[in-house]
Amino acid sequence: MLKWWQERVVYQIWPRSFQDSNGDGIGDLQGIISRLDELKDLGVGIIWLSPIYPSPNVDYGYDISDYKAINPEFGTMEDFHQLLAEAEKRDIKIVMDLVINHTSDQHPWFQQSRDRTSPYRDYYIWRPGRGRKPPNNWGSFFGGPAWTYDEQSGEYYLHLFAKNQPDLNYRNPRVLEEVKEVLRFWLDKGVAGFRCDVINIIWKSSLANGKWRPALKGLEHYLAQEGCHRILRELRREVLDSYDCFTVGETVFITTKMANEFLRSRELDMVFSFEHMAADELLLKWFKTKFKPERLARALTKWQLEVPWNANYLENHDQPRSVSRFGDEGEFWEQSAKLLAVLLLTLKGTPFIYQGQEIGMTNFDFTGMDQIKDIESHNVYRLAKRLGFPASARWKLIKASSRDNARTPVQWNAGPNAGFTTGTPWIGVNSNYKRINLEAQLHDPHSVRSFYKRLIALRASSDILKAGAFEAVQISRSLFVYRRKMDGNSLLVLLNFSKEEAAAPYRGEVVLSNYERPSYTGRLQPYEAVVLQE
Ligand code: TEU
Ligand code: CA
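Peer 1: Could you give an account of the coordination of the calcium ion (ligand 2), naming the residues involved and the relevant values?
Peer 2: Within the protein, the calcium ion (ligand 2) binds to Asp-20 (OD), Asn-22 (OD1), Asp-24 (OD), Ile-26 (O) and Asp-28 (OD); these donor distances fall in the range 2.2 to 2.4 Å. Along the chain, the residues donating to the calcium ion (ligand 2) are arranged with the sequence spacing D-x1-N-x1-D-x1-I-x1-D. For the pair Ile-26 and Asp-28, a shared accessibility class is recorded, and that class is buried.

Peer 1: Provide a residue-level description of the layout of surface pockets, including the pertinent values.
Peer 2: In this structure, the largest pocket occupies an estimated 1,300 Å³ of space. As for the largest pocket, its lining consists of 45 residues, of which Phe-141, Ala-215, Leu-216, Leu-284 and Lys-285 are closest to the centre. In the lining of the largest pocket, the residues fall into 23 nonpolar, 8 polar and 14 charged. When residues are assigned to domains, the lining of the largest pocket turns out to be shared by domain 1 (7–101 + 173–456) and domain 2 (108–158), each giving three or more. Here the second largest pocket is characterised by a volume of approximately 520 Å³. Lys-290, Phe-291, Lys-292, Pro-293 and Arg-325 are the residues nearest the centre of the second largest pocket, which is lined by 21 residues in total. Mapped by element, the contributors of at least two residues to the lining of the second largest pocket are α9 (293–306) and α10 (322–326).

Peer 1: Which residues make up the site of ligand 1, and what values do they have?
Peer 2: Lining the immediate environment of ligand 1, one finds 18 residues, of which Asp-59, Asp-197, Lys-285, Asp-318 and Glu-376 sit closest. Separating an oxygen atom of ligand 1 from a side-chain N or O atom of Lys-285 is a distance of 2.6 Å. Residue Glu-376 places a side-chain N or O atom 2.4 Å away from an oxygen atom belonging to ligand 1. In isolation ligand 1 exposes 480 Å². Once the protein is present, 94% of that is buried. For the shell around ligand 1, the per-class residue count stands at 7 nonpolar, 2 polar and 9 charged.

Peer 1: An account of α9 is needed here, citing residue identities and associated values.
Peer 2: Here α9 is 14 residues long and its end C-alpha atoms lie 20 Å apart, about the 20 Å a rise of 1.5 Å per residue gives. Within α9, burial applies to Pro-293, Leu-296, Ala-297, Ala-299, Leu-300, Thr-301, Trp-303 and Gln-304.

Peer 1: How would you summarise the nonpolar core if you had to cite specific residues and measurements?
Peer 2: One finds Leu-49, Phe-80, Tyr-170, Phe-194, Leu-343, Phe-480 and Leu-495 to be the most contacted residues of the largest nonpolar core, which totals 167 residues. Of all the elements, helix α11 (residues 333–346) adds the most residues to this core, at 9 residues. Those residues in contact with Leu-343 that lie beyond four places of it in its chain are Leu-296, Leu-300, Leu-314, Phe-480, Tyr-482, Leu-495 and Phe-497.

Peer 1: Kindly report on the side chain of Ser-140, identifying the contributing residues and their values.
Peer 2: Within the fold, Ser-140 resides in the loop between β4 (126–127) and β5 (147–150). Since its relative accessible area comes to 8%, Ser-140 is described here as buried. Setting aside residues up to four positions removed in sequence, Ser-140 forms contacts with Pro-145, Ala-146, His-159, Leu-160, Phe-161 and Leu-216.

Peer 1: Lay out the pattern of salt bridges with the relevant residues and their values.
Peer 2: Inspection of every chain in the model, using the stated rule, returns 46 salt bridges. One salt-bridge network, held together by shared partners, links Asp-59, Lys-285, Asp-318, Asp-374, Glu-376, Arg-403 and Arg-407.

Peer 1: Lay out the sheet that holds strand β1 (residues 10–13) in plain terms, naming residues and giving numbers.
Peer 2: Strand order in the open sheet formed by 8 strands is β9-β8-β7-β3-β2-β1-β13-β12, and the pairing between neighbours is parallel. Here the strands that pair on one side only, and so sit at the sheet edges, are β9 (270–272) and β12 (311–313). Averaged over all pairs of adjacent strands, the angle between their axes in this sheet comes to 25°, without regard to strand direction. Of the pairings in the sheet, the one linking strand β2 (residues 46–49) to strand β3 (residues 93–98) comprises 4 bridges and is parallel in character.

Peer 1: Could you give an account of the environment of Pro-119, naming the residues involved and the relevant values?
Peer 2: With respect to the element layout, Pro-119 can be found in the loop between α5 (108–113) and β4. Overall, Pro-119 belongs to the exposed group, its relative accessible area being 53%.

Peer 1: Hey, could you go over the sheet that holds strand β20 (residues 529–533) for me, with residue numbers and the actual values?
Peer 2: With respect to topology, 5 strands assemble into an open sheet ordered β14-β15-β16-β20-β18, the strand pairing being antiparallel. Of all strands in the sheet, those with a lone pairing partner are β14 (469–475) and β18 (509–513), marking the two edges. Ignoring which end each strand starts from, the neighbouring axes of this sheet average 20° apart. Sitting on the sheet, α11 is in contact with β15 (479–486), β16 (489–496), β18 and β20, with an inclination near 145° to β16.

Peer 1: Now, about empty space enclosed by the protein: what can you tell me, with residues and values included?
Peer 2: In the structure shown here, the tally under the stated rule is 5 cavities of 30 Å³ or more. By volume, the largest cavity is sized at about 80 Å³. As for the largest cavity, its lining consists of Val-271, Ser-273, His-276, Ala-299, Leu-300, Trp-303, Gln-304, Asn-310, Ala-311, Asn-312 and Tyr-313. Here the lining of the largest cavity gets 4 residues from one element, more than from any other, and that element is α9. Residue classes in the lining of the largest cavity are distributed as 6 nonpolar, 5 polar and no charged.

Peer 1: Describe the pairing of strand β13 (residues 350–354), with residues and values.
Peer 2: Where burial is concerned, most of β13 is hidden: 5 out of the 5 residues are buried. Both faces of β13 are covered, namely the face carrying Thr-350, Phe-352 and Tyr-354 and the face carrying Pro-351 and Ile-353. Direction of pairing for β1 relative to β13: parallel, over a ladder of 3 bridges. The partner of Tyr-11 across the bridge, within β13, is Ile-353. With 3 bridges connecting them, β12 and β13 associate as parallel partners. Within β13, the residue paired with Asn-312 across the bridge is Pro-351.

Peer 1: Residues and numbers for a nonpolar patch on the surface, please.
Peer 2: On the surface, a cluster of nonpolar side chains totalling about 330 Å² of accessible area is made up of Leu-282, Leu-283 and Phe-287. Here Leu-282 is to be found in strand β10 (residues 281–282). Accessibility expressed as a relative area gives 51% for Leu-282, which makes it exposed.

Rules of the game
Residues numbered from 1 in each chain as written. Chains lettered and ligands numbered in written order. Predicted model: local features only at pLDDT ≥ 70, side-chain atom pairs only at ≥ 80, totals over all residues. Heavy atoms only, no water. Donors = N, O, S within 2.8 Å, 3.2 Å for Na, K, Ca; no water. Buried < 20%, exposed > 50% of the residue type's maximum accessible area, 1.4 Å probe, protein only. 1 Å grid on protein atoms, 1.4 Å probe; cavity = no way out; pocket = protein on both sides within 12 Å on 5 of 7 lines; lining within 4 Å. Points joined across faces, edges and corners; volume = space filled by probe spheres on them. Nonpolar A, V, L, I, M, F, W, Y, C, P; charged D, E, K, R; others polar. Domains from an automatic or database assignment. Helix = DSSP H or I, 4+ residues; strand = E, 2+ residues; numbered from the N terminus. Near = heavy atom within 4 Å. Polar contact = N/O pair within 3.5 Å; in protein donor to acceptor, adjacent residues only side chain to side chain. Areas by Shrake-Rupley, 256 points an atom, 1.4 Å probe, with all protein chains shown as cover. Expected span 1.5 Å × (residues − 1). Core = buried A, V, L, I, M, F, W, Y, C linked by side-chain atoms within 4.5 Å. Contact = heavy atoms within 4.5 Å. Salt bridge = Lys/Arg side-chain N within 4 Å of Asp/Glu carboxyl O. Pairing = 2+ DSSP bridges. Axes fitted to C-alpha atoms, helices over the stretch in contact; angles between N-to-C directions. Patch = residues over 30% accessible without salt bridge, like charges linked within 9 Å, V, L, I, M, F, W, Y side chains within 5 Å.

Have a look at this one:
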């Protein structure tokens, strides 16, 4: 028997760029409410909201200054209640983002923590320096050291992300008590679960120096430690078990073995893997290399075979757009966007669609750093400059990997600002919005969006697609063929990740094809995806 969060499809909203309702250029809750009908029509059963809490926006919501309120830029608590009610009318569940590795440095806990005598001192991780040097050699995810000196305190505090995102200290039991209250606060309102931000790094086993690594020195001291498992078990037992909800962990650097350790006794219900996201990377996400479909297929296959239930995704607010990365922005834009849809919705697991993915939105077309808002991009750009990268090379890194690729406003129509706002958008709209927008696709039966809708419906009606076993059939340079099977029935999925035709001598009745072909004859067109009933 599948759980409801296994049956449904999740749609991720990054609220700031979704839909503005009041002309201030910033997406908001009323904007989301106004689009629920379209999401329902698409077949979405769960919405995951990236953080909507008050935040100074150093990391656009992932730096939280109050866990129990709504960012006034997005609306009020009343708006949130309305969103819950309107979603429920449409049988859509709402999932919140839970960011508990760190808070904002503007959170009152941290403000008080800067006073050495405050009871909040131990909410964070403070240490004296080693002479003029930080307490250890750890590096932060956004580049630079993981420690910042605070004049007022005369000590350093740990931050695995920006210096405005101090890490919480889970050795202090009061911190976990606060977190439990936050969970109950939202669950009692009716939210259906949490996407747990960098949840596998919340426990630091020691603060010893890290061994050498190309980035993130110190990782071995905080990645998936026993203390983290203990905390998650406690949250499960004392809070989550009393509600009908699910959790999905954003679990950086996770292996399938680690994943199973989180899933075994339901410390988390699902985890996001990052391995398949490395299919076009060399060592670091900043060094993009030619995309190799084979690497993508191998990573996905490994996770399909070794983990019982996956959280499948090709995009989110941290990743470049999938059609630009794994497909083709040019001649085969439409076919490749549809191919990626087939991949996402025919793997075993819960599919996560990121806003705009369903209309094939592409990477941004910005021309300079002044248009980039993301702190990580700016930090890395500066770092690359210090390392002596020429300006053109620095810009290339940003273009290929910046998180802002996925953060441009959703393209609703061909009107001003793509229908996102009547004011000035907080970040640039991609200039391709006249060609790529929802309105143009909504009633076109052959659009990318209609194809997503068909696939979501197909998955909903197919026990094989939802629960059938996965079997890899062929992984070669540009072909990925796999089977889903159950009780003697099977579906074969054929994907051609290339601009060339390809021979793929398999047989079956066509269930679905992005070329709308009536029958299959053993050859795939460029970027063709076919599902065959065997
Ligand atoms: O991301 C964690 C993370 O490690 C990366 O995916 C991150 O985006 C970065 O690219 C690493 O180089 C989560 C959130 O999804 C992200 O938006 C936040 O910035 C981050 O945690 C901190 O809360
Ligand atoms: Ca607004």
